[in-house]
Amino acid sequence: MSTEIFKAAMDAIINGDAQKAVDTASQGLDAGIAPLELMEKGFVPGINEVGELFESGQIFIPGLVTSAAAMEKATEIINAAIPAETETLQGRVVMGTVEGDMHDIGKTIAVALLKANGFEVLDLGRDVAISRFIEEADKFGADVIGTSSLLTTTMVIQKDLEEELARQGLRGKYKTVVGGAPVTQRWADRIGADAYAQDANDGVKKIRQLLQPA
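Note that the structure is a prediction, hence the values are computed from the model and not measured. (Residues numbered from 1 in each chain as written. Predicted model: local features only at pLDDT ≥ 70, side-chain atom pairs only at ≥ 80, totals over all residues. Heavy atoms only, no water.)

> Just checking my understanding: could you explain the nonpolar core for this structure?
In a soluble, globular protein the nonpolar side chains are often hidden away together inside. One finds I13, M39, F43, M71, I109 and L114 to be the most contacted residues of the largest nonpolar core, which totals 41 residues. The residues touching F43, leaving out its near neighbours within four places in the chain, are A9, I13, A21, T24, A25, L38, M71, A74 and I78. Membership of the second largest hydrophobic core comes to 16 residues, among which are V98, I130, F133 and L170. (Core = buried A, V, L, I, M, F, W, Y, C linked by side-chain atoms within 4.5 Å. Buried < 20%, exposed > 50% of the residue type's maximum accessible area, 1.4 Å probe, protein only. Contact = heavy atoms within 4.5 Å.)

Structure, rendered in structure tokens:
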């Protein structure tokens with residue numbers, strides 16, 4: 001049963017079928033599959049496949065957009081089931097794709113996995129200005145600011161954020177995590193970020209490590 005649901009979840013995302021994604025998410029939860037397991041074994045493989053198809057030129061922007069929309073709908077259903085399972089708050093994280101960048105598939109997955117692991121997450125969406133990251137982190141009481149950049153031309157915004165946090169004396173207040181296709185550990189070290197996330201699962205691991213008591 002679980003295997004069938006995981007395959008249906010994957011197919012719904014690959015085909016960009018938002019209604020099927022919602023129905024499958026609900027079916028999986030009703031069947032007793034844990035939200036995180038449903039995400040990791042069904043929907044995440046689906047969106048990863050979409051990313052690979054896009055990179056290889058087998059699908060184009062319209063297909064990418066419909067798949068991302070289906071992923072977002074499924075994520076909403078799964079995230080709504082998470083609070084009842086979460087007894088202790090692991091930390092507060094503000095997430096967003098940097099200004100000038102409209103890609104948010106990886107960030108959307110990261111948000112879902114963080115919530116599934118007990119973190120409270122404020123998703124700022126895409127094309128987020130530095131000032132908004134800082135303002136929202138303050139209002140939200142964030143422990144971590146996570147930024148995603150999917151374009152080499154927008155990576156500099158991650159660097160600018162680090163510099164602005166330092167200028168305002170806030171580097172000690174917030175931990176920072178950077179990610180995205182062109183981003184590397186070397187880049188994170190160069191700009192002074194606290195951690196680099198290779199993918200959504202790694203992001204959860206790195207943020208948990210950053211928030212462990214010294």
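> What exactly am I supposed to notice about the layout of surface pockets here?
Remark: the empty space left among the atoms is shown by a probe the size of a water molecule rolled over them. One number sums up the size of the largest pocket: a volume of about 1,200 Å³. Lining the largest pocket are 44 residues; nearest its centre among them are I105, G106, K107, L150 and A181. Breaking the lining of the largest pocket down by element, the ones donating at least two residues are α3 (35-55), α4 (61-80), α5 (105-116), β3 (144-148), β4 (175-179), β5 (195-197) and α9 (200-210). With 7 residues, α3 is the single largest residue contributor to the lining of the largest pocket. The class makeup of the residues in the lining of the largest pocket is 25 nonpolar, 12 polar and 7 charged. (1 Å grid on protein atoms, 1.4 Å probe; cavity = no way out; pocket = protein on both sides within 12 Å on 5 of 7 lines; lining within 4 Å. Points joined across faces, edges and corners; volume = space filled by probe spheres on them. Helix = DSSP H or I, 4+ residues; strand = E, 2+ residues; numbered from the N terminus. Nonpolar A, V, L, I, M, F, W, Y, C, P; charged D, E, K, R; others polar.)

> Looking at this structure, I do not really get the sheet that holds strand β2 (residues 119-123). What am I missing?
Sheets are built from strands paired through backbone hydrogen bonds, the pairs being either parallel or antiparallel. In spatial order, the strands read β2-β1-β3-β4-β5; together these 5 strands make up an open sheet with parallel pairing. Unpaired on one side and paired on the other, β2 and β5 mark the two borders of the sheet. For this sheet, the mean inter-axis angle between neighbouring strands, taken without regard to orientation, is 25°. For β4 and β5, the ladder comprises 3 bridges, and the chain directions are parallel. Following the sheet pairing, V177 is matched in β5 by A195. Strands in contact with helix α7 (residues 155-167) are β3 and β4; relative to β3, the strand with the most contacts, it is inclined by about 155°. (Pairing = 2+ DSSP bridges. Axes fitted to C-alpha atoms, helices over the stretch in contact; angles between N-to-C directions.)

> Before we go on, may I ask you to explain the pattern of salt bridges in this structure?
If the charged atoms of two oppositely charged side chains come close together, the side chains can form a pair. In the structure shown here, the tally under the stated rule is 12 salt bridges. A salt bridge links K7 to D11; the shortest N-O distance between them is 2.8 Å. Of this pair, K7 and D11 both sit in helix α1 (residues 2-14), 4 residues apart, which is roughly one turn of that helix. Its relative accessible area of 53% is what places K7 among the exposed residues. Owing to a relative accessible area of 23%, D11 belongs among the partly exposed residues under this scheme. One salt bridge connects E136 with R132, and the closest N-O pair in it is separated by 3.8 Å. Here E136 pairs with R132, and both are found in helix α6 (residues 130-140), just 4 residues apart, close to one helical turn. Accessibility expressed as a relative area gives 35% for R132, which makes it partly exposed. (Salt bridge = Lys/Arg side-chain N within 4 Å of Asp/Glu carboxyl O.)

> Help me out: how do you make sense of the environment of A9 in this one?
Counting through the fold element by element, A9 comes out in helix α1. Among all residues touching A9, those that are not within four sequence positions of it are T24, G42 and F43.

> Honestly, the environment of K107 in this entry has me stumped. Any pointers?
Tracing the backbone shows K107 in helix α5. Here K107 falls in the buried class, since its relative accessible area comes to 3%. For K107, the side chain forms a polar contact with the side chain of D123, separated by 2.8 Å. (Polar contact = N/O pair within 3.5 Å; in protein donor to acceptor, adjacent residues only side chain to side chain.)

> I would appreciate a short explanation of the side chain of S149 in the present structure.
Within the element layout of this structure, S149 appears in the loop between β3 and α7. In this structure S149 comes out as buried when scored by relative accessible area, which is 0%. Side chain to side chain, S149 and T154 meet in a polar contact 2.7 Å long. Residues within four places of S149 in sequence aside, it is in contact with V98, D101, T154, M155, Q158, G179, G180, A181, P182 and V183.

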